[in-house]
Amino acid sequence: METQAATSPETVPSKTEKHPSGDSRFRILEVFAKRHGCRQDALIEILHKAQELFGFLDEGLLLFIARTLKLPPSRVFGVATFYHHFTLTPQGEHTCVVCMGTACYVKGADRLLATVEKASGIKAGETTSDAKLSLLTARCIGACGIAPAVVYDGEVTPRQTPQAVTERIKAWLNHGSH
Amino acid sequence: MDHIDLLETKNRELRTRKPLCLRVCMAAGCMSSNGQAVKDSLEKEIRAAGLADQVEVRRVGCLRLCCEGPLVASDPKGELYQKVTPDDAHAVVAALKNGNGELKRGDLQHPFFSRQMSIVLENSGVVDPERIESYIAADGYQALHHALMEMEPKDVVDTVFRSGLRGRGGAGYPTGLKWSTVAKTSGDRKFVVCNADEGDPGAFMDRSVLESDPQRVLEGMAIAAYAVGATQGYIYVRAEYPLAIARLNTAIRQAKQLGLLGGGIFESGFTFNVEIRIGAGAFVCGEETALLASVEGRRGTPRPRPPFPAESGLWGMPTLINNVETFANVPPILRRGAEWFAGIGTQQSKGTKVFALAGKIQRTGLIEVPMGMPLRTIVEEIGGGAPEGNQIKAVQTGGPSGGCIPANELDTPVDYESLVRLGSIMGSGGMIVMDQSTDMVDVARFFMGFCMDESCGKCIPCRAGTVQMHALLEKILKGQATLRDLQRLEELCDMVKNTSLCGLGQTAPNPVLSTLRFFREEYLHRLRSLPISPGIPILPNGSHHGPPVAEAAKT
């Protein structure tokens, strides 16, 4: 999955600046790593935890993980960029994941995606400039029985139509911008 | 825990059961259709009606007919309610007392249910996936006890071998043979790995098994570990399946508490621990050597085989890798015997297969049928055919590694060999039905786009070949290709198939090859040098008519 650097760095401040002076999430991450014995084969588990805590993996965070597990940074960057699940850019306030699995696709997922792209003005893999919405695609979320499915902020929603997705997206984008 | 404790747990669970039971589907499909609110509402209604000591509201796994969810089954009435809303709670509870409320009742005599045969899914929709006692009440862990106490490891391998069970992940390698290789190979440590990285788009069998009956998979893994001499297991699950991960975590914790995992299982000398490894979104990790690299915390790239993981797997140690459904078949085989299992299915393909039925079909959901059932029975009888009187055009099996089987081959029995003869594969069990409105070249392009994105980049034929094939398919779809381009596409298919490092590349051309084989005219009609077919209009700007292609071409 492409992760374009669509947002300016100001929209979400880098979390690493507070470190080591006190961002407690680093401490939580360290404890998590220790629970895995700081084993190098737990790298993916630790990246999952880091993304859960911070929302995305920036350079400082990846270097911190490399130091904690005593791994070369190249190995940590290599793994973090290999897997689609990990994102190195900040995500928007809301996420919309359009499932592009075969069952959803034959039931019009491509039209849903085009609808969201039109309504939001961004492409799959991008985040709106006001950091309200990140648009993503999934290869298959396994909800084929209720296709086409869209995941709004982690909530799988069945049998979506272009009208339904437009409503959801518009509500998010307009919210708070008077 | 010993055998007496196991039986006591079972009896206590059965003894304390209430006379009436509402089973509420709490698998991912129904959950996303408001299943949790339905369950909460039913519980509230039962308390309000003062029936709490008579009626159990049980959280269960998949009740299979996903398209009609949320589903609620009522025992002992034997009724199934479909599209239940929280407001229906009153009517559901009234129906328990023979009230006749307004409810959408499902027909359990419909072939969708009556033509199925449950082995892997026998507990799905029956047991509570978050309570180990519920699994034990359904004879859970009896097979493990039997294996540990009454069988030598080699007898377990032999039983699995004689059952004829073949790998359910796709390729169909004989499971017993794989087990015996790992058992024979010596190593300081051995590992058992469960491949739950169900990456094929359109497949949700393994997700359903893990969400509905996670203990069965753990029991199957423990039996395998005893048979091959392993002490540590890993389950590699996709991050996209959060509910399956949560239920597996609960299952592992509960099994440990009861002494059914960990040290000295059933007070024997056998030790087996299981850890979950969460995937991170890489289709190639379904390939076994890539999966092992990922379990070790590295980039999920495959390596050449041999050596096979059975000889040199995790950290160079002998490693057994089987798919979720394969492990789920093991406890019933040990409980009921190899001969029983071998009596189901065809000569070459034994037992049943779980399929995820989806796409342009009336009844979508999870099905389990005996091997050898004709595809026609599955899609027309069980699935009810295409909706709104449309015609089925093709059935896609095997995901991006499989192919499209045309409507005139629907009488083909579903077994490993027959599907391969048609240029498809059994695959893990995704079955997507396509109707007349589906454009087969677009389908080929869709799968090629998938393989292109998912190619790990390690070997050139796959990395570069998929990009070139995708570009050629785009060109054909836009009506800009010539016969020479089609020839080049076929040459590339042949090259990528024969020279790629792993299964991803070797099978990436399959969707193109199978659509070329059965729907060649759809390709030919789009070529520039040939007359335009009235059925497939070409727009003046050269793009194909219709939304799917026109819009997808921009992305």
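Residues numbered from 1 in each chain as written. Chains lettered and ligands numbered in written order. Predicted model: local features only at pLDDT ≥ 70, side-chain atom pairs only at ≥ 80, totals over all residues. Heavy atoms only, no water.

**Re the overall build of chain A**
Now for step 1: Per the secondary structure count, chain A includes seven helices and four strands.
Now for step 2: Beginning at the N terminus, the succession of helices and strands in chain A can be written as α-α-α-α-β-α-α-β-β-β-α.
Now for step 3: A burial count over chain A gives 56% of its 178 residues as buried.
Now for step 4: Accessible area for chain A stands at about 7,900 Å²; split by element, carbon and sulfur atoms hold 55% of it. (Helix = DSSP H or I, 4+ residues; strand = E, 2+ residues; numbered from the N terminus. Buried < 20%, exposed > 50% of the residue type's maximum accessible area, 1.4 Å probe, protein only. Areas by Shrake-Rupley, 256 points an atom, 1.4 Å probe, with all protein chains shown as cover.)

**Details of the pairing of strand β10 (residues 352-359) of chain B**
Residue and element names in this part refer to chain B.
Now for step 1: Extensive coverage of β10 is indicated by the burial of eight of its eight residues.
Now for step 2: Judged from the six bridges that link them, β10 and strand β11 (residues 365-370) form a sheet pairing that is antiparallel. For L357, the partnering residue across the bridge sits in β11 and is G365.
Now for step 3: What sits between the antiparallel neighbours β10 and β11 is a turn of five residues.
Now for step 4: Sheet topology note: the β10/strand β14 (residues 430-435) ladder contains four bridges and is parallel. The residue of β14 that forms the bridge with G359 is V433. (Pairing = 2+ DSSP bridges.)

**Comments concerning a negative patch on the surface**
All names here are of chain A.
Now for step 1: On the surface, E93, D130, D153 and E155 cluster together into a patch of negative charge.
Now for step 2: Tracing the sequence through the fold places D130 in the loop between α6 (109-120) and β2 (133-138).
Now for step 3: With relative accessibility at 43%, the residue D130 sits in the partly exposed group. (Patch = residues over 30% accessible without salt bridge, like charges linked within 9 Å, V, L, I, M, F, W, Y side chains within 5 Å. Salt bridge = Lys/Arg side-chain N within 4 Å of Asp/Glu carboxyl O. Lys, Arg positive; Asp, Glu negative; His and termini not counted. Charge placed at Lys NZ, Arg CZ, Asp CG, Glu CD.)

**Some points on the confidence of the model for chain A**
All names here are of chain A.
Now for step 1: Confidence along chain A averages 86 in pLDDT terms, with 87% of residues attaining 70 or more.
Now for step 2: Here helix α5 (residues 102-106) is the element of chain A with the lowest mean pLDDT, 89, and helix α4 (residues 73-82) is the one with the highest, 97.
Now for step 3: Here residues 1-18 is a poorly scored stretch, pLDDT under 50, and it has 34 contacts once near neighbours within four places are set aside; other chains count. (pLDDT = per-residue confidence, 0-100. Contact = heavy atoms within 4.5 Å.)

**With respect to the interface of chain A and chain B**
The parts lose accessible area when they come together, and the size of an interface is often stated as this lost area.
Now for step 1: Contacts between the two partners involve 38 residues from chain A and, on the opposite side, 58 residues from chain B.
Now for step 2: With both sides pooled, the region where chain A packs onto chain B buries about 3,600 Å², and carbon together with sulfur makes up 56% of that total.
Now for step 3: A per-residue breakdown of the area chain A buries against chain B is headed by F82, T102 and R139 of chain A, which together make up 19% of the total.
Now for step 4: Run the count over chain A and chain B and you get three salt bridges.
Now for step 5: Our enumeration of links across chain A and chain B arrives at 23 residue pairs in polar contact (both at pLDDT 80 or more).
Now for step 6: Among the elements that make up the side of chain A that touches chain B, the one with the highest residue count is α4 of chain A (five residues).
Now for step 7: Classifying every residue of the side of chain A that touches chain B by side-chain character gives 18 nonpolar, 10 polar and 10 charged. (Buried area = accessible area lost by both parts, 1.4 Å probe. Polar contact = N/O pair within 3.5 Å; in protein donor to acceptor, adjacent residues only side chain to side chain. Nonpolar A, V, L, I, M, F, W, Y, C, P; charged D, E, K, R; others polar.)

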